[in-house]
Amino acid sequence: MGGVPTWSVSFEGVALRARFQGHLDAAEGARAADAFAERLAEATPPVAVIFDVREMSGYDSGARKAWQERLWPLRKRIASIRLRGGTPIVRMGGTTLGMLLGIRVHTE
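Description of the structure in this document. Values in this document were obtained by computation on a predicted structure and should not be read as measured data.

What counts and what doesn't
Residues numbered from 1 in each chain as written. Predicted model: local features only at pLDDT ≥ 70, side-chain atom pairs only at ≥ 80, totals over all residues. Heavy atoms only, no water. Axes fitted to C-alpha atoms, helices over the stretch in contact; angles between N-to-C directions. Helix = DSSP H or I, 4+ residues; strand = E, 2+ residues; numbered from the N terminus. Parallel < 35°, antiparallel > 145°, perpendicular 65-115°, else oblique. Left-handed = near helix turned anticlockwise from the far one by under 90°. Contact = heavy atoms within 4.5 Å. Buried < 20%, exposed > 50% of the residue type's maximum accessible area, 1.4 Å probe, protein only. Expected span 1.5 Å × (residues − 1). Arc of directions from axis to C-beta. 1 Å grid on protein atoms, 1.4 Å probe; cavity = no way out; pocket = protein on both sides within 12 Å on 5 of 7 lines; lining within 4 Å. Points joined across faces, edges and corners; volume = space filled by probe spheres on them. Nonpolar A, V, L, I, M, F, W, Y, C, P; charged D, E, K, R; others polar. Pairing = 2+ DSSP bridges.

**Comments concerning the packing of helix 2 (residues 61-71) against helix 3 (residues 88-101)**
Where helix 2 meets helix 3, the closest approach of the two axes is 10 Å, and the angle between their N-to-C directions is 30 degrees. On the basis of their axis angle, the class for helix 2 and helix 3 is roughly parallel. Between helix 2 and helix 3 lies a crossing of right-handed hand. Packed against helix 2, whose contacting residues are Arg64, Trp67, Gln68 and Leu71, the element helix 3 presents Leu97, Leu100 and Leu101 at the interface.

**Looking at the environment of alanine 41**
Along the polypeptide, alanine 41 turns up in helix 1 (residues 26-42). The exposure class assigned to alanine 41 is partly exposed, which follows from its relative accessible area of 43%. Taking the C-alpha atoms as reference, alanine 41 lies 9.7 Å from leucine 71; in sequence the two are 30 residues apart. Every residue in contact with alanine 41, bar those within four places of it in the chain, is listed here: Leu74 and Arg77.

**A closer look at the packing of helix 1 against helix 2**
In the contact formed by helix 1 and helix 2, the axes pass within 8 Å of each other and the chain directions differ by 20 degrees. Between helix 1 and helix 2, the crossing angle belongs to the class labelled roughly parallel. The element helix 1 and its partner helix 2 pack so that their crossing is right-handed. Of the residues in helix 2, those in contact with Ala26, Gly29, Ala30, Ala32, Ala33, Asp34, Phe36, Ala37 and Leu40 of helix 1 are Gly62, Ala63, Ala66, Trp67, Arg70 and Leu71.

**Details of helix 3**
An ideal rise of 1.5 Å per residue puts 20 Å on 14 residues; helix 3 measures up with 20 Å between its terminal C-alpha atoms. Looking at helix 3, one finds that the buried residues are Val90, Gly93, Gly94, Leu97, Gly98 and Leu101. Seen end-on, helix 3 carries its buried residues on one side only, within an arc spanning 135 degrees. The outward face of helix 3, more than 90 degrees from its buried face, is lined by the exposed residues Pro88 and Met99. Where helix 3 is buried, its residues meet strand 3 (47-59), helix 2, strand 4 (78-84) and strand 5 (105-107).

**Focus on empty space enclosed by the protein**
The full count for this structure, using the stated rule, is 1 cavity of 30 Å³ or more. When its volume is computed, the largest cavity comes out at roughly 190 Å³. Along the walls of the largest cavity sit 14 residues, with Met56, Tyr59, Gly93, Gly94 and Leu97 positioned nearest its centre. Elements with a minimum of two residues in the lining of the largest cavity: strand 2 (15-24), strand 3, helix 2 and helix 3. Classifying every residue of the lining of the largest cavity gives 11 nonpolar, 2 polar and 1 charged.

**Some remarks on the sheet that holds strand 1 (residues 7-12)**
The strands that make up a sheet are held in pairs by hydrogen bonds between backbone atoms, and each pair lies either parallel or antiparallel. Across the sheet, 5 strands lie side by side as 1-2-3-4-5; this open sheet has mixed pairing. Looking at the sheet topology across the chains shown, the edges are occupied by strand 1 and strand 5. Strand after strand, the sheet turns through a mean of 20 degrees between neighbouring axes, direction not considered. As paired strands, strand 3 and strand 4 are joined by 6 bridges and run parallel to one another. Of the residues in strand 4, the one forming a bridge with phenylalanine 51 is leucine 83. Lying on the sheet, helix 1 is in contact with strand 1, strand 2, strand 3 and strand 4; it crosses strand 1 at an angle near 20 degrees.

Any functional reading would require information that these geometric values do not contain.
Next up, the structure:
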């Protein structure tokens, strides 16, 4: 990774945002999902979620699986999911994650 993070987790106003750059491999996907789940668990629900994938080129299937596993127990804390940007394959992955969690995904 060269010391440059490929993801970050932060609050954007009252929404919890995960931002991704480049390709998210399985190991970094799991780390990002853990950090996001920790912040989500500490937040007062319901929480609006933003996945900023404008600079994401792709992801390993293990990364998507890690997100699904980490967010499943916390899905009732999520009010909505907004997906910002992304390639068609990345948007499809975000939409699939929302579907598996039972949360509609809005794209912008």
